[in-house]
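Given next are the chains, with one letter for each unit.
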Amino acid sequence: MAEIVGGAALFLMLVYRQVKTGARDAWRDEAEAQTARADRLTEEVSKLVVEVRALRDENAGLRHEVAELRAENRELRTHIDTLLNRGTDDPSD
């Protein structure tokens, strides 16, 4: 009977040790995977920051161009209005 209990205890200790080692290895693998993922995300964020800055610079330039085009548009409308009003003036004035 003692041999059975001793054998069962030894078996349970070996299973526990294997499970503990397996769990530790699984957690280690997961931690390494998460660290690698974090490194990739850090690199990706850095690239995105550079891209966003470039897009902001481009956006500022485009806003300036739009402002110039709007000013030119206003000038042209004023000029067209002046030309149209001259054509409809009564010559008897």
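Above: the structure in question.
Residues numbered from 1 in each chain as written. Predicted model: local features only at pLDDT ≥ 70, side-chain atom pairs only at ≥ 80, totals over all residues. Heavy atoms only, no water.

Draft legend 1. Representation of the overall build of the chain. Of regular secondary structure, the chain possesses one helix and zero strands. What you see for the chain is a C-alpha radius of gyration of 39 Å, clearly larger than the 12 Å of a compact globule of 93 residues, by over 25%. Across the 93 residues in the chain, those meeting the buried criterion constitute 0%. Carbon and sulfur atoms provide 59% of the accessible area of the chain, an area that totals close to 8,900 Å². Computed over 14 positive and 19 negative side-chain charges, the separation of the two mean positions in the chain equals 11 Å. (Helix = DSSP H or I, 4+ residues; strand = E, 2+ residues; numbered from the N terminus. Rg over C-alpha atoms; globule rule 2.2 N^0.38 Å. Buried < 20%, exposed > 50% of the residue type's maximum accessible area, 1.4 Å probe, protein only. Areas by Shrake-Rupley, 256 points an atom, 1.4 Å probe, with all protein chains shown as cover. Lys, Arg positive; Asp, Glu negative; His and termini not counted. Charge placed at Lys NZ, Arg CZ, Asp CG, Glu CD.)

Draft legend 2. Highlighting the pattern of salt bridges. Taken as a whole and assessed by the stated rule, the structure comprises two salt bridges. Ionic pairing is found between Glu43 and Lys47, a salt bridge with its closest N-O pair at 3.4 Å. A residue pair is termed a helical-turn pair when its members lie 3 or 4 positions apart in one helix, as Glu43 and Lys47 do in helix H1 (residues 2-88) at four residues. By relative accessible area, Lys47 is classed as exposed at 54%. (Salt bridge = Lys/Arg side-chain N within 4 Å of Asp/Glu carboxyl O.)

Draft legend 3. Just a nonpolar patch on the surface, in detail. The grouping of Phe11, Leu12, Val15 and Val19 at the surface amounts to a nonpolar patch, some 390 Å² of accessible area in total. Mapping Leu12 onto the fold places it in helix H1. A relative accessible area of 55% places Leu12 in the exposed class. (Patch = residues over 30% accessible without salt bridge, like charges linked within 9 Å, V, L, I, M, F, W, Y side chains within 5 Å.)

Draft legend 4. Spotlight on a negative patch on the surface. On the surface, a cluster of negative charge is made up of Glu65, Glu68, Glu72 and Glu75. Following the sequence through the fold, Glu72 ends up in helix H1. By relative accessible area, which is 44% here, Glu72 ends up partly exposed.

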